[in-house]
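Architecture and fold: a report
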Amino acid sequence: MATLSSKKSTTPFIAFLERLLSLLVVLLLVASTAVATGRLLGHDFAAADTPAAPARTGTDLPADKLKELIPEGAHTVRRDSAVWEVFNDSEQLVGHVVNSAPLARDITGFAGPTPIYMYVDTEGTVTGIAAADNLETPDFFRRAAGKILHAWDGRKADGAAEPDAVSGATYTSVSLIRNMQAARNAFLSLPERAAAAPAIGWGRTAALTAVLLAGMLAAWRFRGKRFIRVTVLLLNVGVTGFWCGQTLSFSLFHHSMQNGLNLTTALPAVLLLAVAATAALTGRKGYFCQWVCPYGSLQELAWHLPFPKITVGPRTFRFMSRLRLGALLALLAVLWTGTGAMLLDYEPFAAFQPAQAGAAVLVPAALFVVAGCFLPRPWCRCLCPVGEILKLTEN
């Protein structure tokens, strides 16, 4: 699949078509991993009686959420697809429960929709918000929800300030905030929706764009200038990685195929995808891994440190390349069975948000960086599934 013809392409146009076809085949392979989840590009096609179906529809009001939100002894009467009226035992209206799921179908976190239930009493005070079922990574979701879902407790629905997104769980927390906004607007009968914005904000998105443009300029006009090269690597690590928390991961590919992408919310990821795809289709081999990826940049900076180097010959490099292809095939295989999604939580890229990443991510990520002091980019060459996907497209 790395090359779709055994003969060398005779024209740039033919080479472009070969790479484009390779890209489409790779996209189909990644999309096939989402099929096992019963969800593709945000559309459910699993049987309605599967355990995940109620979590995605969010049209019912579960008993546990009722108990968590409404006063003891009260009961609900559905008003419409998103709102329930709450009555006490004397049949007096005491509040409303709003479900954001029907109101925010196009708002997703990292792994999919993050609907909420909001209870507002007759005085217009938000007295409780509960999360509905979702597919987010539990640790990330708990950290985001623990701060955000209680930000409006005891506040008037028409005057509550927006909570801040939680660093390291940006997509999840922004999705929760927008679900809260949608529920509040429904209660207030406001037709307008919250203004769309990238998950990391416009400022950081602009900074990320500037770093990407600087990397392109450095690679295509100032290649070979050591100072400029090191500056780009530092920007990739500091801005793209630690400040913006952005890179391409197999987890991103998998979840995007599973849930689709909101182009505004996911604009930073879309920019990275556009750069990677453009470089691959134009035959600039290894561009994303060498000039954009913050984890690859961190390993290369480690390689420049004054430590003894292990000499690696062509045969070893070939073995490392085959090992990476084998790792990608193994990952695809377990995802096709529907049992390997948990592996995606342990890609080392999550280490750029250390407050959110556990020891199971931080320790291996640090070990690969340390190994990078002696070997050239060991994770990139031996195991990175994204690097192998790009290579299959570039060749």
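See above for the structure.
Worth saying up front: this structure is predicted, and the values here are computed from it rather than measured.

Scoring rules and cut-offs
- Residues numbered from 1 in each chain as written.
- Predicted model: local features only at pLDDT ≥ 70, side-chain atom pairs only at ≥ 80, totals over all residues.
- Heavy atoms only, no water.
- Core = buried A, V, L, I, M, F, W, Y, C linked by side-chain atoms within 4.5 Å.
- Buried < 20%, exposed > 50% of the residue type's maximum accessible area, 1.4 Å probe, protein only.
- Contact = heavy atoms within 4.5 Å.
- Axes fitted to C-alpha atoms, helices over the stretch in contact; angles between N-to-C directions.
- Helix = DSSP H or I, 4+ residues; strand = E, 2+ residues; numbered from the N terminus.
- Parallel < 35°, antiparallel > 145°, perpendicular 65-115°, else oblique.
- Left-handed = near helix turned anticlockwise from the far one by under 90°.
- Nonpolar A, V, L, I, M, F, W, Y, C, P; charged D, E, K, R; others polar.
- Phe/Tyr/Trp six-rings, centres within 6.5 Å; stacked < 30°, edge-to-face > 60°.
- Polar contact = N/O pair within 3.5 Å; in protein donor to acceptor, adjacent residues only side chain to side chain.
- Pairing = 2+ DSSP bridges.
- 1 Å grid on protein atoms, 1.4 Å probe; cavity = no way out; pocket = protein on both sides within 12 Å on 5 of 7 lines; lining within 4 Å.
- Points joined across faces, edges and corners; volume = space filled by probe spheres on them.
- Arc of directions from axis to C-beta.

What follows is about the nonpolar core. A general tendency of soluble globular proteins is for nonpolar side chains to be buried together. Grouped together as the largest cluster of nonpolar side chains are 57 residues, with contacts concentrated most on Leu-248, Phe-250, Phe-288, Val-292 and Tyr-295. Apart from the residues within four sequence positions on either side, Phe-250 is in contact with Val-30, Thr-33, Leu-328, Leu-331, Leu-332, Leu-335, Leu-344, Glu-347, Pro-385, Val-386 and Ile-389. In terms of nonpolar packing, the next biggest core, distinct from the first, is built from 21 residues, Val-98, Ile-129, Ala-131 and Ala-160 among them.

The next thing to look at is the packing of helix H7 (residues 226–243) against helix H11 (residues 294–303). In contact at an axis separation of 8 Å, H7 and H11 are set at 130 degrees when each is read in the N-to-C sense. Between H7 and H11, the angle falls in the class oblique. Considering only the axes of H7 and H11, their crossing is left-handed. Contacts from Arg-229, Val-230, Leu-233, Leu-234, Asn-236, Val-237, Thr-240 and Gly-241 of H7 reach H11 at Pro-294, Ser-297, Leu-298, Glu-300 and Leu-301. Of the residues assigned to the contact of H7 with H11, the class counts are seven nonpolar, four polar and two charged.

A complete count under the given rule lists seven aromatic pairs for this structure. On the numbers, 4.9 Å between centres and 70 degrees between planes, the contact of Phe-242 with Phe-352 is edge-to-face. Taken together, the positions of Phe-242 in helix H7 and Phe-352 in the loop between helix H12 (314–336) and helix H13 (359–371) put the pair 110 residues apart, joining distant regions of the chain. Taking the relative accessible area as the measure of exposure, Phe-352 reaches 5% and is therefore buried.

For the rest of this paragraph, the subject is the side chain of Ser-249. With respect to the helices, strands and loops of the structure, Ser-249 is situated in the loop between H7 and helix H8 (250–259). Given the relative accessible area of 10%, Ser-249 is considered buried. From its side chain, Ser-249 meets the backbone nitrogen of Leu-252 in a polar contact 3.1 Å long. Not counting residues up to four positions away in its chain, the partners in contact with Ser-249 are Glu-347, Phe-349 and Val-386.

Next up on the list: the pairing of strand E7 (residues 125–131). When you tally the buried positions in E7, you get six out of seven residues, the bulk of the element. When E7 meets strand E8 (residues 155–156), the two strands line up antiparallel, connected through two bridges. When the sheet's bridge partners are listed, Val-126 is paired in E8 with Arg-155.

Let us now look at empty space enclosed by the protein. Evaluation of the coordinates by the stated rule reveals five cavities of 30 Å³ or more. Approximately 130 Å³ is the volume attributed to the second largest cavity. Sorting elements by how many residues they give to the lining of the second largest cavity places H8 first, with four residues. Of the residues belonging to the lining of the second largest cavity, the class tally is six nonpolar, nine polar and no charged.

Let us now look at helix H4 (residues 138–148). Listed as buried for H4 are Phe-141, Ala-144, Ala-145 and Ile-148. Buried residues of H4, viewed axially, fall in a sector of 95 degrees; they line one side. Against E7 and helix H5 (170–187) lie the buried residues of H4.

Tracing the backbone shows Val-35 in helix H1 (residues 12–35). Of the residues examined, Val-35 reaches a relative accessible area of 40% and is grouped as partly exposed. Remark: the alpha-carbon pair of Val-35 and Gln-258, spanning 223 residues in sequence, is separated by 7.6 Å.

The next subject is the sheet that holds E7. Strands sit in the order E3-E4-E5-E6-E7-E8 across an open sheet of six strands; the sheet is antiparallel. With one partner strand each, in any of the chains shown, strand E3 (75–78) and E8 form the two edges of the open sheet. Sheet topology note: the strand E4 (residues 83–87)/strand E5 (residues 93–99) ladder contains five bridges and is antiparallel. Residue Val-86 lies in a different strand from E5, and its bridge partner there is Gly-95. Strands in contact with H5 are E5, strand E6 (116–121) and E7; relative to E6, the strand with the most contacts, it is inclined by about 40 degrees.

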